[in-house]
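# Working through the structure, step by step
Each chain, letter by letter, is given below.
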Amino acid sequence: MIQETATSGAGLARPVRTFGVQLSPTPRGARLARLLATEQLRSWGVPVDPARHLVAELAANAATHSRVPGRDFRLVLTVAPPVLRIEVTDTCGTLLPQPQLPAADSESGRGLVLVEALADRWGVTRGPHPRKTVWAELKLVPEPDVACSGDRGALPKEPRGRKDPTEPHPALPPASACPHPGE
């Protein structure tokens, strides 16, 4: 089920937008997560890259390393200006992701290294049992004097340093506080 919501509060200049979808933990489900996220970001006027790469890596990890037969994973995108938050929740809470540097000739194992390089911050939130949510955040910075629509806008140009994956953006609720249909 695909779910999209938009809310605005008295003190918010721009609405908080949320998109969520539950997908099968398969390569096809991971690909669909990337495609749906790309189209949703375009419809919101949010820059697509590097967000689509983050979605691809997090969804692929959920489908490959955290797959539990018969249990889906969930993708949630939240835009609370100036932050885009990407969350992928799976039902393998005992297996926590750890970035590792693979051997130079290895064909896999670079996903979380890419997530760390592309995201402004990322981390893992446990629970409720047996779930975990791997999340990544990007700061969205519009180009000066340009309306944000389509692929307009830009990501920050400053170098990215070490992220603190323990603290979510203050404008976003913690993953455990977000209601998910059917739970």
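Reading guide: rules and limits
Residues numbered from 1 in each chain as written. Predicted model: local features only at pLDDT ≥ 70, side-chain atom pairs only at ≥ 80, totals over all residues. Heavy atoms only, no water. Helix = DSSP H or I, 4+ residues; strand = E, 2+ residues; numbered from the N terminus. Buried < 20%, exposed > 50% of the residue type's maximum accessible area, 1.4 Å probe, protein only. Contact = heavy atoms within 4.5 Å. pLDDT = per-residue confidence, 0-100. Core = buried A, V, L, I, M, F, W, Y, C linked by side-chain atoms within 4.5 Å. Polar contact = N/O pair within 3.5 Å; in protein donor to acceptor, adjacent residues only side chain to side chain. Arc of directions from axis to C-beta.

Once that is clear, we can look at the overall build of the chain. Counting its secondary structure elements, the chain contains 3 helices and 6 strands. The linear arrangement of helices and strands in the chain, starting from the amino end, is β-β-α-α-β-β-α-β-β. Here the chain holds 183 residues, and the buried ones make up 40% of them. For the chain, long-range pairs separated by at least 24 residues make up 63% of all intrachain contacts whose partners lie at least 6 apart in sequence.

Here we come to the confidence of the model for the chain. When the pLDDT values of the chain are averaged, the result is 77; 64% of them are 70 or greater. Segment residues 148–159: pLDDT under 50, and 28 contacts once partners within four positions in sequence are set aside and those in other chains are kept.

Grouped together as the largest cluster of nonpolar side chains are 31 residues, with contacts concentrated most on Leu75, Leu77, Leu84 and Ile86. Put simply, the parts of the chain that give this core at least two residues each are strand 2 (16–23), helix 1 (27–44), helix 2 (51–64), strand 3 (73–80), strand 4 (83–90), helix 3 (111–118) and strand 6 (132–139). Element by element, the count of residues in this core is highest for helix 2, at 7 residues. Apart from the residues within four sequence positions on either side, Leu77 is in contact with Arg17, Thr18, Phe19, Ala37, Gln40, Leu41, Trp44, Val55, Arg85 and Ile86.

This part takes up the environment of Thr64. In this structure, Thr64 sits in helix 2. Expressed as a C-alpha distance, the spacing of Thr64 and Thr26, which sit 38 residues apart in the sequence, is 7.3 Å. Among the polar contacts listed, one links the side chain of Thr64 to the backbone oxygen of Ala60, at a separation of 2.8 Å.

Time to look at helix 3. Among all positions in helix 3, only Gly111, Leu112 and Val115 are buried. The buried side chains of helix 3 occupy one side of the element, clustering within an arc of 90° when seen end-on. Among the structural elements, helix 2 and strand 5 (121–126) are those in contact with the buried residues of helix 3.

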